[in-house]
Amino acid sequence: MHNIKEIRTNIEGFKKSLQKRYLDLNVDVILELDEKNRKFIHDKENLEKEKKEISKSKDKTLFEKSKVISIEIDKISKLQSDIKNKLDNILSSIPNIPLDDVPLGKDESSNKEILQSGEIPKFSFKPKSHYELGEKLNMLDFDLATKTTGSRFVFVKDKLALLERALSNFMLDMHTMKNDYKEISPPLIATDNTMFGTGQLPKFENDQFEIKLDDSTDRKFLIPTAEVILTNIVKNKIIEKKDLPMRMVASTPCFRKEAGSYGKDTKGMIRQHQFYKVEMVSIVENDNCISELERMTNCATKILDLLKLPYRKIMLCTGDMGFSAEMTYDIEVWLPSENKYREISSCSSCGSFQARRMKARYKNENNETVFVGTLNGSGLAVGRTLVAILENYQQEDGSIIVPKILRPYMNNMEKIDKI
RNA sequence: GGAGAGAUGGCUGAGCGGUUGAAAGCACCGGUCUUGAAAACCGGCAUGGGGGCAACUCCAUCCUGGGUUCGAAUCCCAGUCUCUCCGCCA
């Protein structure tokens, strides 16, 4: 959420920033609404002052006049709040502004590769896709999910279910024991206001699963990522400086409609309506966002290092970043069947963008109340990690070697085999 | 599901129709004292918005939304949330 005051005082700068996002937005409309809004506020306040003085004077002869003023105030208030709503609607749909170091570009072709790591496996046979492997093992069942639920769902069974659970546990252990994150098991449902805080609403409502829970006035949604519910822990709070940074991690199912991705990744479990993800969230002092982003990204890549999966780290360009981000690293894991890297984690700094929407603040060293910085990153997407293990660790006979680091989490199983 | 109680500043907590934006305490910041710290004492300390270069000033806000009144933190209605008791239940 952008500060209208800042926009007003730096129109050209704001326009330029939006151009980085390749956004076609009429800034003049914003300024016009802002001006109208302020005029109404001004008029309204003058009347309110007059009314206040009458009531203070307790002069009965003026009471009738006060009534007339009240009616006038109501009229102006209505006009003012309509304008303000329009303005807020526009402002809350404008994405965060990229940091200067973010490469300029419209789409993923302008993303910048930072590094590659790990050895891409060589196969003496044609590597199969994860869904072929999983179906042959009788441990991934897409048809069954279609029958019970619909497309873009899957039944994970038997040893792969264990592998999935092992991955969650392994990742959580790393982040809690080595990386200083506090484990949270949060609600999987969030209110509309919570969804607004992290930026899923109002613009991306079509991607969300709304559910009917009760007749309360707020709306409820299944979380598309634990980022939503973890970040909003600090909503409407003023945090003590000594309590920062706050680092939290959760393993949760995530629910996404994936509207607009028809025909994309329709096979397999790359793109599902429901998937597990281990999510890291950091709440930091605003100046520490960049260093925390580096730290968080390292926490994510460390998991891939330990699993011995080849990956690369890229910085997303201005046009490819998510709505709330000011800088994003994507981590992409190597998938032999596709012969390319696929996203397995995305770590973003949101600066104070989400904090402003959530009204999440802290007292800085000058005792001023200022907005916190928020960051989120997958550490990692569990479903896609499962995919990566199946494909990278596959054997010619269709069995899967269990990565060494996971074996303690899987009753020391060394291989996933049919039977 | 039934019956009650409550929601006030960063926190705790008074106030229950008219200088109350709000007592008091804690926390925090500045000062005196101290070799330094602690204690004690003095002072400061809510948020959002409008106007002004600024000192400053105006408006709103005591859970949310309506209503009564010249005037509402205080009265009325609706909603949300929290707590206690009873019932049901993983």
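These figures come from a predicted structure and were not determined experimentally.

Focus: the sheet that holds strand 11 (residues 311-315)
Then, number 1: Taken in spatial order, the 8 strands make up an open sheet running 1-11-12-13-16-10-9-4, and their pairing is mixed. Two strands bound the open sheet, and with one partner strand each, they are strand 1 (112-117) and strand 4 (182-183).
Then, number 2: The strands touched by helix 10 (residues 289-307) within the sheet are strand 1, strand 9 (246-255), strand 10 (274-284), strand 11, strand 12 (327-335), strand 13 (340-349) and strand 16 (373-381), with strand 16 carrying the most contacts at an inclination of about 5°.

A word on the packing of aromatic side chains
When we look at a pair of aromatic rings, we describe it by the centre distance and by the angle of the planes.
Then, number 1: For the coordinates displayed, the defined rule picks out 5 aromatic pairs.
Then, number 2: Between F123 and F125, the ring centres sit 5.3 Å apart and the planes meet at 65°, which makes this aromatic pair edge-to-face.
Then, number 3: A relative accessible area of 23% means that F123 is categorised as partly exposed.
Then, number 4: Classification of F125 by relative accessible area gives buried; the value is 17%.
Then, number 5: Clustering of aromatic rings is evident, with ring pairs tying together F204, F323 and F353.

Description of unusual backbone geometry
Then, number 1: Residue P245 is bonded to the preceding L244 through a cis peptide linkage, with omega at -5°.
Then, number 2: For P245, the location among the structural elements is in the loop between strand 8 (238-239) and strand 9.
Then, number 3: A cis amide bond links G379 with the next residue in sequence, L380, at an omega value of 10°.
Then, number 4: You can see L380 is positioned in strand 16.
Then, number 5: One non-glycine residue, D158, lies in positive phi territory at about 60°.
Then, number 6: Relative to the helices and strands, D158 is located in helix 7 (residues 158-177).
Then, number 7: Look at D158 and you get exposed, because its relative accessible area is 54%.

Parameters at a glance
Just so you know, the residues in each chain are numbered from 1, in the order the chain's sequence is written. As they are written, the chains are lettered A onward and the ligands numbered 1 onward, keeping that order. Where local features are concerned, this predicted model is filtered to residues with pLDDT of at least 70; where side-chain atom pairs are given and counted, the filter is 80 or more; whole-chain, interface and lining totals use all residues. Only hydrogens and water are removed before side-chain values are computed, so all heavy atoms of the structure are retained for them. DSSP-based pairing: two strands are paired if at least 2 bridges between them are found. In this text, helices come from DSSP runs of H or I with a minimum length of four residues, and strands from runs of E with a minimum of two, each type numbered from the N-terminal end. In what follows, a contact means two residues having at least one pair of non-hydrogen atoms within 4.5 Å. Every angle, taken between N-to-C directions, lies between 0 and 180 degrees, and every axis is a line fitted to C-alpha atoms, over only the stretch in contact when it is a helix. Each aromatic pair joins two rings of Phe, Tyr and Trp (for Trp, the six-membered one) with centres within 6.5 Å, and gets the label stacked for planes under 30 degrees apart, edge-to-face for over 60, and tilted for any other angle. Remark: exposure states derive from per-residue accessible area (1.4 Å probe, protein chains only) relative to the maximum for the residue type, with buried under 20%, exposed over 50%, and partly exposed in between.

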